[in-house]
Amino acid sequence: MLRDFLRSESGAVTTDYVVMSAGVVGVGIAVLNTTSMGVENLAGDINTALTGNIVNTSFARERYFDDFENGAGYWVGGHTDSSDGFFGGILGPYGGSDGAEVVTRTYDLLGGYDYAVVDFDLHAIDSWDDEQFVMFIDGEPISATQFNWQTDGVTGGWTTTDGNYTVTIEPSGAREHFGYNDEWVDQSFDVRVEVADPGRSISVGFGSTLNQGVADESWGVDNVAVTSTNSPSDV
Ligand SMILES: [Ca+2]
Ligand SMILES: [Ca+2]
Ligand SMILES: [Ca+2]
């Protein structure tokens, strides 16, 4: 059935066909897409054509990765920019959203794993003055982290006391001007969230309380990996 499906694939995917065969075809593609970019793109086409639960479940993967070099992919509210020579393709830059979640992606997870690890690069770009970058899991804020252009690292904020989430945020590299507005310094961070007992789906999202123009202060996110694992320390 997979072979027949691939032979007939010419860009358009009919809903009826996919609903009928998603279970069977999905399994084949889930295996193949770890080695074949072409098949992964096909899976993306089908996933875009359909938003049903059958297809979402069928395309669950052990690891997801977005480098934003070719657009925002499945990020709802996503916009990307690759105009900055230092940062390259990023999700962003975003200004303030009054702390609300402004961009999010939902991940379908494989069963049989105790953890999902969310890992990404955060860029606090230009003149942050103790506003908060807010991270969301499943639509709920789990951390808010303050930065200041005059100070190294994190200057305040909070992380959830929910024991299912372990949040770490570490500076990576110096605090100096790297990109965007050349009048202001920038700082980057490695952010990691271990989610215990994630279930079969999680959403990851971001927002901020930035309060000046995006050309003056903004955030960007890059290299977002979501990995299902029983050994989070190995990820
Ligand atoms: Ca990138
Ligand atoms: Ca800058
Ligand atoms: Ca400000």
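Keep in mind that what you see is a predicted model, and the values were worked out from it rather than measured. (Residues numbered from 1 in each chain as written. Chains lettered and ligands numbered in written order. Predicted model: local features only at pLDDT ≥ 70, side-chain atom pairs only at ≥ 80, totals over all residues. Heavy atoms only, no water.)

Some details on the sheet that holds strand 7 (residues 140-148)
This is how the line gets drawn: DSSP-based pairing: two strands are paired if at least 2 bridges between them are found. Secondary structure is summarised from DSSP: a helix means a run of H or I of at least four residues, a strand means a run of E of at least two, and numbering begins at the N terminus for each. A fitted line through C-alpha atoms serves as each axis, taken over the contacting stretch for helices, and the angle formed by two N-to-C directions is quoted from 0 to 180°.
Strand order in the open sheet made by the 5 strands is 4-11-6-7-8, with antiparallel pairing throughout. Single-partner strands in this sheet number two, and they are strand 4 (103-108) and strand 8 (151-159). In this sheet, neighbouring strand axes are inclined to one another by 20° on average, regardless of whether the strands run parallel or antiparallel. Pairing of strand 6 (residues 129-137) with strand 11 (residues 201-208), which is carried by 5 bridges, proceeds in the antiparallel orientation. Note that in strand 11 the partner of Ile137 across the bridge is Val204.

A closer look at empty space enclosed by the protein
How we decide: Two kinds of site are reported from a 1 Å grid over the protein atoms alone, namely cavities, where a 1.4 Å probe fits but cannot get out, and pockets, open sets with protein on both sides within 12 Å along at least five of seven lines, and residues are called lining when an atom falls within 4 Å of a point. Grid points are joined across faces, edges and corners, and a volume is the space filled by probe spheres set on the points. Lys, Arg, Asp and Glu make up the charged group, whereas Ala, Val, Leu, Ile, Met, Phe, Trp, Tyr, Cys and Pro make up the nonpolar group; the residues left over, Gly among them, are polar.
The tally for this structure, following the rule as stated, stands at 2 cavities of 30 Å³ or more. By volume, the second largest cavity amounts to about 30 Å³. In terms of lining residues, the second largest cavity is bounded by Ala124, Asp126, Trp128, Phe147, Asn148, Trp149, Val185, Asp186 and Gln187. The set of elements that each furnish at least two residues to the lining of the second largest cavity consists of strand 5 (115-126) and strand 7. Residues that form the lining of the second largest cavity fall into these classes: 5 nonpolar, 2 polar and 2 charged.

Some thoughts on the nonpolar core
Here is the rule we go by: Buried Ala, Val, Leu, Ile, Met, Phe, Trp, Tyr and Cys residues that are joined via side-chain atoms within 4.5 Å together make up what is termed a nonpolar core. Classification of residues uses two cut-offs on accessible area relative to the type maximum, computed with a 1.4 Å probe and protein chains only: under 20% is buried, over 50% is exposed, and between them is partly exposed. Contacts: residue pairs with any heavy atoms within 4.5 Å of one another.
In terms of nonpolar packing, the biggest core is built from 33 residues, with Trp75, Phe120, Phe206 and Trp219 touching the most fellow members. Elements with a minimum of two residues in this core: strand 3 (90-94), strand 4, strand 5, strand 6, strand 7, strand 10 (187-196), strand 11 and strand 12 (217-229). Here this core gets 5 residues from one element, more than from any other, and that element is strand 5. Contact partners of Trp75, with chain neighbours within four places excluded, come to Asp66, Phe68, Leu91, Val103, Thr104, Arg105, Tyr107, Val204, Phe206 and Val224.

Here we look at the coordination of the calcium ion (ligand 3)
So the rule is basically this: Note that water is not among the atoms used; donors are N, O and S atoms within 2.8 Å of the metal (3.2 Å for Na, K and Ca), so sites may look incomplete. Under the classification used here, a metal with four donors is tetrahedral if each angle lies between 85 and 135 degrees, square planar if opposite donors are over 155 degrees apart and the others between 65 and 115, a six-donor metal meeting that same test is octahedral, and anything else is irregular.
Surrounding the calcium ion (ligand 3) are the protein donor atoms Asp129 (OD), Glu131 (OE), Asn211 (OD1), Gln212 (OE1), Glu217 (OE) and Glu217 (OE), which sit 2.0 to 2.7 Å from the metal. Geometry at the calcium ion (ligand 3) is irregular, judged from the 6 donor atoms that bind it and their angles of 48 to 173° at the metal. Sequence positions of the residues that donate to the calcium ion (ligand 3) give the spacing D-x1-E-x79-N-Q-x4-E. In this pair, Glu131 sits in strand 6 while Glu217 sits in strand 12, placing the two residues 86 residues apart along the sequence.

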